[in-house]
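# Working through the structure, step by step
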Amino acid sequence: MDLKDIKKIGIIGAGTMGSGIAQVFAEAGFYVYLFDETYKKAEEGKRKVIKRLQKALEKQCDKNGYANITTISNMQSILLNIVPIELRDMKSINEIPQLFIEAVFEDLKTKQTVFRELDDLCDPQTILATNTSSISISEIAKAVSDARKEKIIGAHFMNPPYILKLLEIVRSDCTSDETYKLIFELAQKLKRDPILTSMDVPGFIVNANLMPSLRQSLICLENNIASIEDINRSIMLGVGGAMGPLDLGDLIGWDIVLNILNQLYKYYGEYKPPQLLHHLVREGYLGKKTKKGIFDFYGKE
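Here's a quick rundown of the structure. Predicted model only: the values in this text are computed from it and were never measured.

Attention now goes to the sheet that holds strand 3 (residues 82–86). The sheet built from 8 strands is open, its strands ordered 3-2-1-4-5-6-7-8 with mixed pairing. Each having just a single partner strand, strand 3 and strand 8 (193–197) make up the two edges of the open sheet. Put simply, the sheet's adjacent strands are angled 25 degrees from each other on average, direction ignored. As paired elements, strand 4 (residues 99–102) and strand 5 (residues 127–130) share 4 bridges and run parallel to each other. In the sheet register, L99 faces strand 5, and the bridge partner there is I127. Here helix 4 (residues 108–121) sits on the sheet in contact with strand 1 (8–12), strand 4, strand 5 and strand 6 (152–157), set at roughly 170 degrees to strand 5. Most of the contacts of helix 6 (residues 177–189) go to strand 7 (residues 166–171), to which it runs at about 175 degrees, and overall it touches strand 4, strand 5, strand 6, strand 7 and strand 8.

Here it is, written out as structure tokens:
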């Protein structure tokens, strides 16, 4: 299968990452099926795209509030390219996509269940990619048939995917050269910068470096070394970070941070998640997704 053969994309999971990835593909002209457990969740994913595009459109309006007709037309085209669908209705669609990207919760068993079901449903040539940010691609691939294993690959978009250009590509032990080449070319068509991770290890490149840094920021806060504000400002002013690490954790979601650190700790024997992180997750202070994060946990506005 060549890049020109891919016309339709299936995204499994319509949350923050899934809806963002759907937007990236729709903007590139692909027809996207956005799946989730219920139609309501899938529709909510599309509404997130609508809100982002409306906000972008408002910024492009002239001083009288009028937008360029071409811009409006582009927005409409993008939205027409995204179709929300309930997962159980997947078999009813006219043409199964040539590529699926899984973007569900960062849990091995959950991802393996998705891949097992897709393996049974899809054409033998269909590529199944995962947006996992930390879990071994080879472990996920254990859920599919031997014949499918060469079509399994990691395609890790950064958050938010419609802004950040990096795409981490991760091969499993069985990923074929053909599959890797196609995903690399696809990344370029999406105007993303693809980088291949040489080894299929937890955290890959970005999170193997980023998550220990977030962990250390939490430890500084936990041990009263500095305040939230000063930890954030120190990294922004001293290292040139676009945002502070604790603000970044709120954006990513502290539950995701915990899951990735658990993966790193299991593999490397280092980077054990601090107690503060466990408290944040257990009490629901996950960040942007729950509308309360680390500032709220410490009782600050």
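The rest of the description comes next.
With that settled, the discussion passes to the pattern of salt bridges. Applying the stated rule across the entire model yields 14 salt bridges. A salt bridge links E102 to K111; the nearest nitrogen and oxygen atoms lie 2.4 Å apart. Assessed through its relative accessible area of 1%, E102 is described here as buried. Under the relative-accessibility criterion, K111 is labelled buried at 1%. For D230, the salt bridge identified is with R233, shortest N-O distance 3.8 Å. Of the two residues, D230 and R233 both sit in helix 8 (residues 228–238), 3 residues apart, roughly one turn of that helix. Note on D230: relative accessible area 39%, which makes it partly exposed. Through salt bridges that share partners, E102, E106 and K111 make up one connected network.

Cut-off values and rules
- Residues numbered from 1 in each chain as written.
- Predicted model: local features only at pLDDT ≥ 70, side-chain atom pairs only at ≥ 80, totals over all residues.
- Heavy atoms only, no water.
- Pairing = 2+ DSSP bridges.
- Helix = DSSP H or I, 4+ residues; strand = E, 2+ residues; numbered from the N terminus.
- Axes fitted to C-alpha atoms, helices over the stretch in contact; angles between N-to-C directions.
- Contact = heavy atoms within 4.5 Å.
- Salt bridge = Lys/Arg side-chain N within 4 Å of Asp/Glu carboxyl O.
- Buried < 20%, exposed > 50% of the residue type's maximum accessible area, 1.4 Å probe, protein only.

Note that every value here comes from positions in space, so none of it alone points to a role or purpose.
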